[in-house]
Amino acid sequence: MKLLTIFTPTYNRAYILHQLYDSLLRQTNESFEWLIIDDGSSDNTKQLVDEWIAEGRLTIRYVYQSNQGMHGAHNTAYELITTELNMCIDSDDYLPEDAVDKIVNFWTNNKSSAVAGFVGLDAYVNGTVIGSLLPEQLQSSSLFDLYYKHGVSGDKKLVYRTELTRQYPYPLFEGERYVGLAYKYYMLDQHYKLLMLNEVLCIVDYLPDGSSLNMFKQYAAHPKGFSFYRQALMKLPSASMGFKYRQAVHYVSSSMFAGSKQIWKELSHPWFVAAAILPGILLHGYIRLKLHSKQLKGKANDYSVG
């Protein structure tokens, strides 16, 4: 029985997916399987993966679905994963050869039903850790507090208990393909903390077609998803008033992109949003101006947000 599922949402990334496959072949611990969620690719992803499956060097499951976006691919993955732990590795990233070994050893020594899983580090291709290290004095923390209370910065790699990640599925909005992945993590934060592992588990290469480099475009293309996400963040019990106000500003802007007439009815405290109307309008105008000036056109690829 494998301990870990490494799942990879992918969309038209056949040209680079091989580097992740090669890194999985190099793992010093084989207690994992690879689940690939092909989110509507039109390239040769399926042919490529079929060849790898035929090689028989890894345990690989391949699932094709119509394009739903990163969060929709996560929903599908969580429904299918059967191992105790899971970790998402994006299609343009790869693993150090000892990553699975570090995960297995850490969980074997620290396994607990009282936590949601643990946090590890991401690094650039040159080996530099992305953002800050995890605080050495902390044994556990919620993901939200890690960033907004303890000052951690930069992308981190999350390893979760699978039975928990089936909770809080991401909503799907017709015609849209984006909901912030942190929604699920922050919901789980309210019940469980994460352990800390100050070891690099993933090598990240931010590509030009990744959504982390196309956020303005994403913002305008998926306003209902962004509006849902900001509304959820406003309700976080551990968030400061300043944090909630910033989310309200973004909520107003996203609602304007969505053409929503239900902005007041969707909130338990409409007065809070009322204070964000003017800056929300200004943010909306700023984003529209940036989109026009940069002439961002075409379909965004949603597959670099981890």
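Residues numbered from 1 in each chain as written. Predicted model: local features only at pLDDT ≥ 70, side-chain atom pairs only at ≥ 80, totals over all residues. Heavy atoms only, no water.

**Q** How would you sum up the overall build of the protein? Please name residues and give values.
**A** A tally of helices and strands in the protein yields 12 helices and 8 strands. With respect to the three principal axes, the spread of C-alpha positions in the protein is 55 × 45 × 35 Å. Across the 306 residues in the protein, those meeting the buried criterion constitute 55%. Intrachain contacts of the protein at a sequence separation of at least 6 include 79% that bridge at least 24 residues. Counting 29 positive and 30 negative side-chain charges, the protein places the averaged centre of each group 10 Å from the other. (Helix = DSSP H or I, 4+ residues; strand = E, 2+ residues; numbered from the N terminus. Buried < 20%, exposed > 50% of the residue type's maximum accessible area, 1.4 Å probe, protein only. Contact = heavy atoms within 4.5 Å. Lys, Arg positive; Asp, Glu negative; His and termini not counted. Charge placed at Lys NZ, Arg CZ, Asp CG, Glu CD.)

**Q** Give a description of the sheet that holds strand β2 (residues 32-39) that names residues and reports values.
**A** As summarised here, the arrangement of the 8 strands in space is β3-β2-β1-β4-β7-β5-β8-β6, forming an open sheet in which the pairing is mixed. Each edge of the open sheet carries a strand with a single partner, namely β3 (60-65) and β6 (140-141). Contacting β1 (4-10), β2 and β3, helix α2 (residues 45-55) crosses the sheet at an angle of about 160° to β3. (Pairing = 2+ DSSP bridges. Axes fitted to C-alpha atoms, helices over the stretch in contact; angles between N-to-C directions.)

**Q** Help me get a handle on the pattern of salt bridges, residues and values and all.
**A** Tallied over the entire structure, the rule returns 7 salt bridges. We note a salt bridge from K46 to D50, for which the minimum N-O separation is 2.8 Å. Of this pair, K46 and D50 both sit in helix α2, 4 residues apart, roughly one helical turn. Given a relative accessible area of 45%, K46 falls into the partly exposed group. Of the residues examined, D50 reaches a relative accessible area of 33% and is grouped as partly exposed. Where E84 meets K111, a salt bridge forms, and the shortest distance between an N and an O atom there is 3.2 Å. Taken together, the positions of E84 in the loop between α3 (70-80) and β4 (85-88) and K111 in the loop between α4 (99-110) and β5 (115-124) put the pair 27 residues apart, joining distant regions of the chain. Judged by its relative accessible area of 30%, E84 is partly exposed. (Salt bridge = Lys/Arg side-chain N within 4 Å of Asp/Glu carboxyl O.)

**Q** Lay out the confidence of the model for the protein in plain terms, naming residues and giving numbers.
**A** Mean pLDDT over the protein stands at 91; residues scoring 70 or higher make up 91%. Low pLDDT, under 50, characterises residues 296-306; the stretch is placed with 52 contacts to residues that sit more than four places away or in other chains. (pLDDT = per-residue confidence, 0-100.)

**Q** Outline the side chain of Q27, listing residues and values.
**A** Among the secondary structure elements, Q27 is positioned in the loop between α1 (17-25) and β2. Looking at Q27, the relative accessible area reads 7%, which means it is buried. Setting aside anything within four residues of it in sequence, one finds Q27 in contact with F32, L95, P96, E97, D98, A99 and V100.

**Q** Break down α4 for me, citing the residues and quoting the values.
**A** A rise of 1.5 Å per residue sets the reference length of α4, with its 12 residues, at 16 Å; its end C-alpha atoms lie 16 Å apart and thus fit the reference within 8%. If you check which residues of α4 are buried, you get A99, V100, I103, V104, F106 and W107. Check the buried side of α4 and you find it contacts β1, β2, β4, β5, β7 (156-161) and β8 (193-204). (Expected span 1.5 Å × (residues − 1).)

**Q** Run through the packing of aromatic side chains, naming residues and quoting values.
**A** To describe a pair of aromatic rings, you give the distance between the ring centres and the angle between the ring planes. Scanning the model with the defined rule gives 20 aromatic pairs in all. With centroids separated by 4.9 Å and ring planes inclined at 70°, the aromatic side chains of Y148 and F243 adopt a geometry described as edge-to-face. Residue Y148 is found in helix α5 (residues 143-148), and its partner F243 is found in helix α10 (residues 241-258); the two are separated by 95 residues along the sequence. Both rings, one in Y219 and one in F257, keep their centres 5.8 Å apart while their planes meet at 65°; by these two values the pair is edge-to-face. Note that Y219 is positioned in helix α8 (residues 215-221) and F257 in helix α10, a separation of 38 residues in sequence. For the pair shown, Y219 and F257 are each scored as buried. (Phe/Tyr/Trp six-rings, centres within 6.5 Å; stacked < 30°, edge-to-face > 60°.)

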